[in-house]
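If you want the building blocks of each chain, they are given just below.
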Amino acid sequence: MLYVTIYKKKLLVEWAEKKILIIHDIVNIKHFSYQLFKKDLTPDIVIYGHTHRPKVEKFNNILYLNPGSVSKPRSGKYGTVMILTINDNKIEHKCIEIK
């Protein structure tokens, strides 16, 4: 079942028993993690963009994913997308270059 909650400039989705926060820009993961704590938001995954560079990082038990950009990549010659899979409470992600 999919549950969606809309916050100002953020989207919180509950999917496969995981909370996924989608936001455009977080600037700094450590600072953003503190902001989540202050607002009592505890997502399992944060998907963000803005930098157009793919990145995967785990901080304070939250998985941060930046899929990069298909149309305006800043990390190399090719654009990127990310595939997120959640099965049996297991989170998997894969970044794919679009050539």
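See above for the structure.
Just so it is clear, the model here is predicted, and its values are computed rather than measured.

### Quick word on the pairing of strand β6 (residues 62-67)
Now for step 1: Counting buried positions along β6 yields 5 of 6 residues, so the element is predominantly enclosed.
Now for step 2: Sheet analysis places strand β5 (residues 54-59) next to β6, joined by 6 bridges and oriented antiparallel. Residue pairing for β6: Lys58 is matched across the bridge by Leu63.

### Some remarks on helix α1 (residues 29-38)
Counting along an α-helix, one turn takes 3.6 residues, and residues three or four places apart therefore face a common direction.
Now for step 1: Those residues of α1 lying buried are Ile29, Phe32, Ser33, Gln35 and Leu36. Along the long axis of α1, the arc covered by the buried residues comes to 160 degrees, so they all point the same way. Pointing more than 90 degrees away from the buried face of α1 are the exposed residues Lys30, Phe37 and Lys38.
Now for step 2: Packing partners of the buried residues in α1 comprise β3 (18-23), β4 (45-47), β5 and β6.

### What to know about the packing of aromatic side chains
Now for step 1: Overall, the coordinates contain 0 aromatic pairs when judged by the stated rule.
Now for step 2: The side chain of Lys99 reaches across the aromatic face of Tyr78, ending 5.5 Å from its centre.

### Regarding unusual backbone geometry
For residues that are not glycine, phi is negative in most cases, and the peptide bond is trans in most cases.
Now for step 1: A positive phi angle, near 50 degrees, is found at Asn60, a position not held by glycine.
Now for step 2: Looking at Asn60, the relative accessible area reads 56%, which means it is exposed.
Now for step 3: Phi is positive for Asn61, close to 65 degrees, though the residue is something other than glycine.
Now for step 4: Looking at the secondary structure, you find Asn61 in the loop between β5 and β6.
Now for step 5: On the accessibility criterion, Asn61 (63% relative accessible area) is exposed.

Quick notes on the rules
Numbering of residues starts from 1 in each chain and follows the order in which that chain's sequence is written. It should be noted that, the model being predicted, local features are given only for residues of pLDDT at least 70 and side-chain atom pairs only at 80 or more, the latter also being counted only at that level, while totals for whole chains, interfaces and linings use all residues. Water and hydrogen atoms play no part in the side-chain values, which are based on all heavy atoms of the structure. We call a residue buried when its accessible area falls under 20% of the maximum for its residue type, exposed when it is over 50%, and partly exposed in between, using a 1.4 Å probe and counting protein chains only. Helix and strand assignments follow DSSP, with helices taken as H or I runs no shorter than four residues and strands as E runs no shorter than two, numbered in order from the N terminus. We treat two strands as partners when DSSP finds at least two bridges between them. Directions pointing from the helix axis toward each C-beta atom define the arc. For this analysis, residues touch if any pair of their heavy atoms sits within 4.5 Å. Only the six-membered ring of Trp is used, alongside the rings of Phe and Tyr, when aromatic pairs are assigned; centres must lie within 6.5 Å, and planes under 30 degrees apart are stacked while those over 60 apart are edge-to-face, with the rest tilted. Both a distance and an angle decide whether a charge sits over a ring: NZ of Lys or CZ of Arg must be within 6 Å of the ring centre and within 35 degrees of the ring normal.

Nothing here speaks to function; it is all geometry.
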